[in-house]
Amino acid sequence: MALRIAVLVKASLDPNMLRSKNNGLLDEHAMPLALSEYDKNAVEAAVQLRERNGGSVTVLSVLTWGPVARRLREFEQVIREALAMGADDAHIIVDDALVPGDPASTAEALAALAKALGGFDIYIAGEASMDMISGQVPARLAALLNLPYIGYARSIEIANGAIRAKRDLEGYIEHVEAPLPCVVSVTGEINKPRIPTLIQVRRAFRKPIKRYSVADIGLNKVYKPLISEIRVISVKRRNIVIEGDNMDDIAAKLADIIAGLLPR
Amino acid sequence: MKRGWLMRMLGFTYNEEGLGELAGLAAALGLEAYALAVGSRDSVADYSYSVFKRIYYAPRMSTDQAFAVISDLYDKIKPDMIVAPSLKDNTTVLAMLASNKKLAMFTEAFGIVLMEGKIRAKRRVMGGRAEAYYEASTPIALTIARGYYAPPASSEKGAGLEEVKPPASKLTILSVEVKEKGSVDLESASIVVGVGRGFRRKEDLRLAEQLASLLNGVVGASRPIVADYGWLSEDRWIGISGKKIKPKIYIAIGISGAPQHMAAVMDAETIVAINKDKNAPVFQYADYGVVADLYKFVPKLIEKLREKLGGR
């Protein structure tokens, strides 16, 4: 059976490039977008499923950080990265109404897009995005599409129209089976995402990316964003590098410091 | 608590202990509380805090079964808040409910403030390095961050229990494998020694163990040590997806300082970093740094501490 695989990815603000304004608020406009960490695992899992079972891998994504006009090129670059990793094509939603994003709106948009495309056999997502870490979108999508949901999978395999997965939960691993179609979220343990070669990166430029507005996919209910502000946590550290004549001297100084801090 | 309005909470949890957190929240915020818990009658009864008007329970439920049951309870109870402790499957069930009932949801929320018809809360974002402030009208779904709401002071039990019968599930649970549990408790340790890729062999971790035991501390690790090399069990993993710690002293040895790791140690009172690369990001997060080869430095540090602490 040729599988129609959808992989959900997010162009996340890169937390490694955290920027703040003078007043301590997050300066999101100064932060670049990047393919979210666990979404790379999702793309890798999708491509591996296709390699084993045949079929196609389609990227679905919603731009959630604005301003839309300025972010569009960056967004496309992120999508191209997923294509370079082996996905076949991409369908993206870009609309001012979905910026800044909210997991509820994003899930509604993805569900409407999936329906407009005729549905998929399996939807694969990362367990959470690296910027907002909400972890809601795949479960919300499953509820909207009325499909079974397998969350936090650390391995998946498909046989006889069903999916088997090992779910990585607090304290235990659960082995489950569900019929297709199905929505799955994956953890970072599921695989090691491939790094695309130069040729794959170049080939990705010829793969189709189709863009939609909210109106194109017939979405009418969009939730209001709920965030009033994002404040960067500033922890003052002393940043003292301990120096000395030799290693014994440095070790003695650090031992003094540590001994002084020990709870009585 | 006296005010002209009352909020009703429907709690949910897969682990019975989670009822303690939910009861703590209900008591702290003066909520009319109901809950659905997964567990046997006896185990749920142990946590049947009297702040709950009623606790519904079922011995076993897959996430889609719990979703169906809580949807029915939502329609019956009409809560203003649907709340769960932060557990993976709790998040799943609440997100499915929120989606189905067209509700907003915050995960790992804390600093919860209620107003008439409204709720404010905060949550950590950007790899734990920033806080987002949320405001939404009720009804709303939220999971609460661990460690913010303790069980209520009054441990009086005896809330009414009612068993629910979940519908058939689309998911088949084939088997369950309990993860190997180590004996360390990183989250409450006051001294933690963290080990990273600077260690070349598993056997060498004994240096960190020696240092930790001298200080009555425990050893934790960055992701590669646990996930890539498998040198330590998963309960030792310090990171945004692993354990978040708040010790008095955190000593990072051979750890470069990836944001996902450092975000999980931000609440440490003092951070000490030992790394041979003077440009390692870990030094930006450290109070005290030593640029040295850990293989040469750590034995000397142990020796000096031993002299100082006198055979502890």
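Described in the following lines is the structure provided in the data block.

Calculation rules
- Residues numbered from 1 in each chain as written.
- Chains lettered and ligands numbered in written order.
- Predicted model: local features only at pLDDT ≥ 70, side-chain atom pairs only at ≥ 80, totals over all residues.
- Pairing = 2+ DSSP bridges.
- Helix = DSSP H or I, 4+ residues; strand = E, 2+ residues; numbered from the N terminus.
- Axes fitted to C-alpha atoms, helices over the stretch in contact; angles between N-to-C directions.
- Buried ≥ 20, exposed ≤ 12 C-beta atoms within 10 Å, placed from the backbone.
- Contact = placed C-beta atoms within 7 Å.
- Nonpolar A, V, L, I, M, F, W, Y, C, P; charged D, E, K, R; others polar.

### Quick word on the sheet that holds strand S3 (residues 52-58) of chain B
Two modes of strand pairing occur in sheets, parallel and antiparallel, and in both the strands are linked by backbone hydrogen bonds. Reading across from one edge, S12(A)-S7(B)-S6(B)-S5(B)-S8(B)-S4(B)-S1(B)-S2(B)-S3(B)-S9(B) is the order of the ten strands in this open sheet, with mixed pairing throughout. Because the sheet does not close on itself, it has two edges, and the strands there are strand S12 (227-232) of chain A together with strand S9 (160-163) of chain B. Adjacent strand axes in the sheet meet at a mean angle of 30°, parallel and antiparallel pairs treated alike. Here strand S5 (residues 104-115) of chain B runs beside strand S8 (residues 140-144) of chain B; their pairing, made up of four bridges, is parallel. Paired with Ala104(B) across the two strands is Ile140(B), which belongs to S8(B).

### Re the pairing of strand S7 (residues 149-159) of chain A
Across a regular strand the side chains alternate sides, sitting on one face of the sheet and then on the other. Residues and elements named next belong to chain A. In this structure, S7 lies alongside strand S10 (residues 182-186), joined through three bridges in parallel fashion. Within S10, the position partnered with Tyr-149 by the bridge is Val-183. As judged from the six bridges shared by S7 and strand S8 (residues 162-169), these two strands associate in the antiparallel manner. Note on S8: the bridge partner recorded for Ala-159 is Ala-162. A loop of two residues connects S7 with S8, the two strands running antiparallel in sequence, and Asn-160 in this loop sits at a positive phi of about 50°.

### Some words on the pairing of S8(B)
Residue and element names in this part refer to chain B. Among the five residues that make up S8, five are buried, leaving the element largely enclosed by the rest of the structure. Along S8, one buried face is formed by Ile-140, Leu-142 and Ile-144 and the opposite face, lined by Ala-141 and Thr-143, is buried too. Strand direction decides the pairing type here: strand S4 (residues 81-85) and S8, joined by five bridges, are parallel. Opposite Met-81, over in S8, you have Ile-140 as the bridge partner.

### Details of the interface of chain B and chain A
As a measure of interface size, the accessible area lost when the parts come together is often cited. At the interface, 64 residues of chain B touch 66 residues of chain A. Of all elements in the fold, only helix H3 (63-77), helix H4 (88-100), S5, strand S7 (130-137), strand S10 (172-178), strand S14 (270-275), strand S15 (288-291) and helix H8 (294-309) of chain B reach the threshold of two or more residues within the side of chain B that touches chain A. Looking at side-chain class alone, the side of chain B that touches chain A contains 36 nonpolar, 13 polar and 15 charged residues.

### Focus: the sheet that holds strand S13 (residues 249-253) of chain B
Pairing within the open sheet is parallel, and its six strands lie in the order S13(A)-S15(B)-S14(B)-S13(B)-S11(B)-S12(B). The sheet is open, and its two edges are formed by strand S13 (240-241) of chain A together with strand S12 (218-221) of chain B, each paired on a single side. As paired strands, strand S11 (residues 191-195) of chain B and S12(B) are joined by four bridges and run parallel to one another. Note on S12(B): the bridge partner recorded for Val195(B) is Ala221(B). Strand contacts of helix H5 (residues 206-214) of chain B: S11, S12 and S13 of chain B, with the helix running at about 170° to S11(B), the strand carrying the most contacts.

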